[in-house]
2 protein chains.
Amino acid sequence: MREIKVVENILKANDEIARDNREKFKRDGTLVLNLVSSPGAGKTALLERTLAELKREYKCAVIEGDIETTLDAERIQSTGVPVVQLNTKGACHLEAGMVKNALLELGGGPFDLIFIENVGNLVCPAGFDLGEHHKVTICSFPEGADKPLKYPSMFVRSSVVLLNKSDLAPHLFSSIRQELEENTAKIVPHSNIFTVSAVTGDGLDKWYSWIRNEISRVKGNA
Amino acid sequence: MREIKVVENILKANDEIARDNREKFKRDGTLVLNLVSSPGAGKTALLERTLAELKREYKCAVIEGDIETTLDAERIQSTGVPVVQLNTKGACHLEAGMVKNALLELGGGPFDLIFIENVGNLVCPAGFDLGEHHKVTICSFPEGADKPLKYPSMFVRSSVVLLNKSDLAPHLFSSIRQELEENTAKIVPHSNIFTVSAVTGDGLDKWYSWIRNEISRVKGNA
């Protein structure tokens, strides 16, 4: 029983800090999106393109989560948007306390929109509330059509699912597009499922519209 | 300090069962390979092709690890090789005790070669010894060239790295092949790095040769 108690304590401590983060985001009128995916599904490329679209409209910032390296923060920095890199040093997910520290480091707010790019891991980040408004799962076509069925917990908890790398679909098996869209719809309890390509821009308008609506909603409620 | 103590106990218990598994594999003269990767890097497709090549030469079996579904076991079953599906029900990695149970379930041994296909996760399975002889990391070209740098612990602990989906490389950015091979070589302390495609068969001969050599070595030592 002792192990279970400790896990509960860790999650309880995380949830308390997540609540503090959430209150800060509410005070500041900031929409916060937590991007989660397998390694290499295209989170950073999607962020680069999304920031290029939205950075003149909204005051944006990014918190980058990685086990090692500052490679992703360097890519974001070149967009001109403020960014902080968190290195988890082995941990498989971000926790609310790491985000709290990153917010202090970031300074310069309040922001209209903060993206948190989680560690590439389709399993563990599902269990940790960071205080964000929404989780956004990114799943890419080369990963195959069965990922929503095999890793349902992340998909179920996400307000948006982006099916990325649609540009590679013609080079995969012929039914991949239909199968991935159908399997995602089976698991996800809403219709915010957008097939996109961060390379060609295909389908991104729906994603941008969704973000704009959510920012309006957050500002209305702030 | 309490949390750290509990984690140590969990790992110690895992290591004791892993030792039992390892002794059984030694008694049986079985080579055991633990396949690890991101979700969708192509573990199951590589296994299907590898079993087609080796199943007439060696007595093979497969232990499939997934959070949910029996999709992968169904694919392996169609090769005619005995397979057991483990469902971790949320856990992000396999542990030695799960493998021990799967071996009892499998029956029919001793086998020359057992593949364990881990949960798709490039982080957590690195920390858990299952009693296997070798970890084999599979990393696919569409994941991008930076994965060995960003998720080094799995690569460092693997005796072989398969860079899979080389058939998709021409549809990605032009330097991807060179960059992924160079980044892998920076992290991995040996030269068992094979660029392969489970679709076209490109490069798989080196992987098959490596397995044949290892089986001979295990039989020699048994």
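In the block above lies the structure referred to throughout.
What counts and what doesn't
- Residues numbered from 1 in each chain as written.
- Chains lettered and ligands numbered in written order.
- Predicted model: local features only at pLDDT ≥ 70, side-chain atom pairs only at ≥ 80, totals over all residues.
- Heavy atoms only, no water.
- Helix = DSSP H or I, 4+ residues; strand = E, 2+ residues; numbered from the N terminus.
- Rg over C-alpha atoms; globule rule 2.2 N^0.38 Å.
- Buried < 20%, exposed > 50% of the residue type's maximum accessible area, 1.4 Å probe, protein only.
- Contact = heavy atoms within 4.5 Å.
- Areas by Shrake-Rupley, 256 points an atom, 1.4 Å probe, with all protein chains shown as cover.
- Lys, Arg positive; Asp, Glu negative; His and termini not counted.
- Charge placed at Lys NZ, Arg CZ, Asp CG, Glu CD.
- Patch = residues over 30% accessible without salt bridge, like charges linked within 9 Å, V, L, I, M, F, W, Y side chains within 5 Å.
- Salt bridge = Lys/Arg side-chain N within 4 Å of Asp/Glu carboxyl O.
- Buried area = accessible area lost by both parts, 1.4 Å probe.
- Polar contact = N/O pair within 3.5 Å; in protein donor to acceptor, adjacent residues only side chain to side chain.
- Nonpolar A, V, L, I, M, F, W, Y, C, P; charged D, E, K, R; others polar.
- Least-squares fit on C-alpha atoms with pLDDT ≥ 70 in both.
- Pairing = 2+ DSSP bridges.
- Axes fitted to C-alpha atoms, helices over the stretch in contact; angles between N-to-C directions.

**Digging into the overall build of chain A**
The helix and strand tally for chain A stands at 8 helices and 7 strands. In summary, chain A has a C-alpha radius of gyration of 17 Å against a globular reference of 17 Å for 222 residues, a match within 12%. Dimensions of chain A, computed from the C-alpha atoms along their principal axes, are close to 50 × 45 × 35 Å. Out of the 222 residues belonging to chain A, those deemed buried represent 55%. Counted over contacts in chain A with a minimum sequence separation of 6, partners at least 24 positions apart contribute 73%. Accessible surface computed for chain A: about 9200 Å², of which carbon and sulfur atoms make up 51%. Charged side chains in chain A number 27 positive and 30 negative. The centres of these two groups are separated by 3 Å.

**Describing unusual backbone geometry**
Residue Pro110(A) follows Gly109(A) across a cis peptide bond; omega there is -5 degrees. With respect to the secondary-structure elements, Pro110(A) resides in the loop between helix 4 (96-106) and strand 4 (113-117). The phi dihedral of Lys165(B) is positive, around 65 degrees, even though this residue is not glycine. Here Lys165(B) lies in the loop between strand 6 (158-164) and helix 7 (176-187). Residue Lys165(B) is classed as buried on the basis of its relative accessible area, which comes to 13%.

**Some thoughts on a negative patch on the surface**
On the surface, a cluster of negative charge is contributed by Asp15(A), Glu16(A), Asp20(A) and Glu23(A). Within the element layout of this structure, Glu16(A) appears in helix 1 (residues 2-28).

**Observations regarding the interface of chain A and chain B**
Contact with chain A, which involves 34 residues of that partner, is made by 34 residues of chain B. Taken together, both faces of the contact between chain A and chain B bury some 2800 Å²; the carbon and sulfur share is 65%. Run the count over chain A and chain B and you get 7 residue pairs in polar contact (both at pLDDT 80 or more). Every element with two or more residues in the side of chain A that touches chain B is listed here: helix 1, helix 3 (71-77) and helix 5 (147-150) of chain A. At 4 residues, helix 1 of chain A tops the list of elements feeding residues into the side of chain A that touches chain B. Residue composition of the side of chain A that touches chain B, grouped by class: 16 nonpolar, 7 polar and 11 charged.

**Considerations on the environment of Glu117(A)**
Residue and element names in this part refer to chain A. One can find Glu117 in strand 4. Sequence-wise, Glu117 and Leu130 are 13 residues apart; in three dimensions their C-alpha atoms are separated by 11 Å. Apart from residues lying up to four places away in sequence, Glu117 is in contact with Leu35, Lys43, Thr44, Leu47, Ile63, Glu64, Gly65, Asp72 and Leu94. Engagement of the side chain of Glu117 in a polar contact is seen with the side chain of Thr44, the distance being 2.8 Å.

**Concerning the relation of the copies chain A and chain B**
Least-squares fitting of chain A to chain B yields an RMSD of 0.0 Å, with the superposition described by an axial translation of 0.0 Å and a rotation of 180 degrees. Such a combination of turn and shift is consistent with a two-fold rotation axis. In this assembly, 100% of the residues forming the interface of chain A have copies in chain B that are likewise at the interface, indicating an isologous arrangement.

**What to know about the sheet that holds strand 3 (residues 83-87) of chain A**
All names here are of chain A. What the 7 strands build is an open sheet, ordered 3-2-4-1-5-6-7; its pairing is parallel. Edge strands, defined here as strands with exactly one partner in the open sheet, are strand 3 and strand 7 (193-195). Shown here is a sheet whose adjacent strand axes are inclined to one another by a mean of 20 degrees, direction ignored. As judged from the 5 bridges shared by strand 2 (residues 60-66) and strand 4, these two strands associate in the parallel manner. Bridge pairing in strand 4 links Ile63 to Ile116. Taken strand by strand, helix 4 contacts strand 2, strand 3 and strand 4, and its axis lies near 145 degrees from that of strand 3.

**Considering the side chain of Lys43(A)**
Residue and element names in this part refer to chain A. You can see Lys43 is positioned in helix 2 (residues 43-54). Comment: no salt bridge for buried Lys43; closest opposite-charge side chain is Glu117, at 4.2 Å. Here the side chain of Lys43 touches Ser37 through a polar contact of 2.9 Å, side chain to side chain. Discounting chain neighbours no more than four positions away, the residues touching Lys43 are Leu35, Val36, Ser37, Ser38, Glu117, Asn118, Gly120 and Ile138.

**What about the pattern of salt bridges?**
This model, assessed by the stated rule, comprises 28 salt bridges over all chains. Asp72(B) is the partner of Lys150(A) in a salt bridge, and the nearest nitrogen-oxygen pair spans 2.8 Å. Here Asp72(B) lies in helix 3 (residues 71-77) and Lys150(A) lies in helix 5, a pairing that spans two chains. Of the two residues, Lys150(A) and Asp72(B), neither departs from the other in class, the shared state being buried. The partner of Asp146(B) in a salt bridge is Lys147(B), and the shortest N-O contact between them spans 2.5 Å. Under the relative-accessibility criterion, Asp146(B) is labelled buried at 14%. Of the residues examined, Lys147(B) reaches a relative accessible area of 5% and is grouped as buried. What you see here is one network of salt bridges that share partners, running through Asp66(A), Asp72(A), Asp146(B), Lys147(B) and Lys150(B).

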